[in-house]
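Overview (structure and organization)
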Amino acid sequence: MSGVCDNLIKQGIVPSCDDPIVPGIEQKGVMMNRADIDFGTTAFNSTRKNIIETLALKSGKKAYEVVVMGSNPFTGTNTVLATGTYRNTFTNTVNLVVLDNGPDVCANVIDGLANGEFVVILENKFKGLNKEENPGDAAFQVYGWYQGLKPAELSNDKYSEETDGGWLVSLQEAKVPKSALFLFKTDYETTAAAVATLTKDAVGG
Amino acid sequence: MIVLEVVDKLKELGGKASLSLSDKRDIESLYKEVLDKTFVKTSCSDCYRDAVIEMSVYLNKNGRMKEKSNYGLKNGVLLQMSFGDSKFYTNANLTDEAAETYLGKYPGNANYFSKLPKDWKERVEKRLKPKETEYNQVLLDTLVESLKDGVSKEAVVESFKDYQINGKKVTKKLLTAHVSKALDLLEDEAAKENDEHYAQSDNEVHADESEIE
């Protein structure tokens, strides 16, 4: 019936003994301006609609590495339910720290973050590599696809214990219709290779 | 520049304690030539040395400069010739052949490319066209003679399997193509002889008829 979506659970809630979930995110992620995404070229999996198979950027555009060191990189990154009148949605939050300051960082990063919309790909420590079907499809999670991640907090405290004078950044995406989006193509290695191409210097354009 | 010249130049640059402006220009230019990438200048003081190392490693590993492609992919795209194929192409290993083969299979995915030559459709068509076999005339003549002598096709293929063309052993596929061509030539020759025979017979019949009249 059209107009009625995702109102039913479709599988059991049983933790995997062979591939138990683990917390955390890897230290390296990728961030891109949402305006640089070539939505026309991007392809979703034909049956699994929370999987993007090809996430392409417009000609001449590239994404940028985001590296957050430490034992809990991107700490505070989460997804929560937001109840609505007619429909419930989700709010994504991605937190990062910029352990730097200075005119270049402020001009090229912070000022851009302050007013832009972004898509971030983070690699989960839990990758689902031991699943029977589509191993590795839980590795790369995409935030900001639907609405763009926008700044909720951008602060610089010269005496911060956390940032040592760098910048605390919190980006948020509200009214997200799906609980999560993943980037996955064929297997983990192929997907990792695709993610790696995002930050290369663009050819053509 | 040839590979050996580039290798020597990289050794020279790598050995310098400090790099002059001219050395940096050389590195930028070599970077494009060897890796087909544009060197991005940053404030990093080791970047030029890193670039020299990157080029040296590439040449050591591959023995040649990176093949320049007339095609470029949008960032984020990788090509697989068939769904789920473990082999894939990115800008790092894309060749004209791979791009055109892919576009031959999936012409609707031209939008995956950020760089396409203007005549890409013609190139793809040419790539898809089966290559015409280049026949070796000496081999062809020899095969025709063998077949004329009544040797079977299979026996001919067996006896010529080690035949060499320009110092290289002929492949089974190429030999079979030559044998088929030789058979066609024999058929054409036989058909021609038949036509000539009937034409001669016709002339004789007409001559007899004229005599009778």
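As the structure is a computational prediction, the values presented were derived from the model and not from experiment. (Residues numbered from 1 in each chain as written. Chains lettered and ligands numbered in written order. Predicted model: local features only at pLDDT ≥ 70, side-chain atom pairs only at ≥ 80, totals over all residues. Heavy atoms only, no water.)

This next bit is on the overall build of chain B. Counting its secondary structure elements, chain B contains eight helices and four strands. The buried share of chain B, taken over its 213 residues, is 32%. Here the analysis covers contacts within chain B between residues at least 6 apart in sequence; of these, 56% occur between residues at least 24 apart. Summed over its atoms, the accessible surface of chain B is roughly 14,200 Å², and 50% of this surface lies on carbon and sulfur atoms. In chain B, the 33 positive side-chain charges and the 40 negative ones have mean positions that sit 18 Å from each other. (Helix = DSSP H or I, 4+ residues; strand = E, 2+ residues; numbered from the N terminus. Buried < 20%, exposed > 50% of the residue type's maximum accessible area, 1.4 Å probe, protein only. Contact = heavy atoms within 4.5 Å. Areas by Shrake-Rupley, 256 points an atom, 1.4 Å probe, with all protein chains shown as cover. Lys, Arg positive; Asp, Glu negative; His and termini not counted. Charge placed at Lys NZ, Arg CZ, Asp CG, Glu CD.)

All names here are of chain A. Along the chain, Thr89 falls in strand β6 (residues 89-98). Taking relative accessible area as the criterion, Thr89 reaches 6% and is therefore assigned buried. Sequence-distant contacts of Thr89, that is, excluding residues within four places in its chain, are made with Val80, Leu81, Ala82, Lys175 and Val176.

A common way to report how large an interface is uses the accessible area buried once the components associate. If you look at the interface, chain A gives 25 residues, while chain B gives 20 residues. For the pair chain A and chain B, the summed buried area comes to about 1,600 Å², and 54% of that belongs to carbon and sulfur atoms. Three residues, Thr41, Thr197 and Val203 of chain A, lead the burial of chain A against chain B; their summed loss comes to 30% of the area buried on that side. Connecting chain A to chain B are one salt bridge. Residue Lys74 of chain B pairs with Asp38 of chain A through a salt bridge whose shortest N-O separation is 2.4 Å. Where chain A touches chain B, the interface holds nine residue pairs in polar contact (both at pLDDT 80 or more). Where the side of chain A that touches chain B is concerned, the elements lending two or more residues are β3 (51-54) and α2 (188-198) of chain A. Per element, the largest residue contribution to the side of chain A that touches chain B is five residues, and it comes from α2 of chain A. Broken down by class, the residue content of the side of chain A that touches chain B amounts to nine nonpolar, nine polar and seven charged. (Buried area = accessible area lost by both parts, 1.4 Å probe. Salt bridge = Lys/Arg side-chain N within 4 Å of Asp/Glu carboxyl O. Polar contact = N/O pair within 3.5 Å; in protein donor to acceptor, adjacent residues only side chain to side chain. Nonpolar A, V, L, I, M, F, W, Y, C, P; charged D, E, K, R; others polar.)

With that settled, the discussion passes to the pairing of strand β10 (residues 167-176) of chain A. Regular strands place side chains that alternate from one sheet face to the opposite one. As paired elements, β6 of chain A and β10 of chain A share eight bridges and run antiparallel to each other. Directly across from Val94 of chain A, in β10 of chain A, lies its bridge partner Leu171 of chain A. (Pairing = 2+ DSSP bridges.)

Time to look at unusual backbone geometry. The phi torsion at Asn134 of chain A lies on the positive side, around 50°, for a residue other than glycine. Position of Asn134 of chain A among the secondary structure elements: in the loop between β7 (118-123) and β8 (140-143). We classify Asn134 of chain A as partly exposed; its relative accessible area is 29%. The phi dihedral of Asn166 of chain B is positive, around 55°, even though this residue is not glycine.

This part covers helix α3 (residues 47-62) of chain B. All names here are of chain B. For α3, with 16 residues, the first-to-last C-alpha span of 22 Å sits near the 22 Å given by 1.5 Å per residue. Among the residues making up α3, those that are buried are Cys47, Tyr48, Ala51, Val52, Met55 and Leu59. Buried residues along α3 cover an arc of 150° about the axis, so they all sit on one side. Exposed residues lying more than 90 degrees from the buried face of α3 are Ile53, Asn60 and Lys61. Within two residues after α3, Gly63 carries a phi angle of roughly 70°, on the positive side. (Expected span 1.5 Å × (residues − 1). Arc of directions from axis to C-beta.)

Residues and elements named next belong to chain A. For the structure on display, the rule yields eight aromatic pairs over all chains. Here Phe140 and Tyr188 contribute two aromatic rings whose centre-to-centre distance is 5.7 Å and whose plane-to-plane angle is 15°, an arrangement assigned as stacked. Taken together, the residues span a long stretch of sequence, with Phe140 in strand β8 and Tyr188 in helix α2 at a distance of 48 residues. Both residues of the pair, Phe140 and Tyr188, count as buried. (Phe/Tyr/Trp six-rings, centres within 6.5 Å; stacked < 30°, edge-to-face > 60°.)

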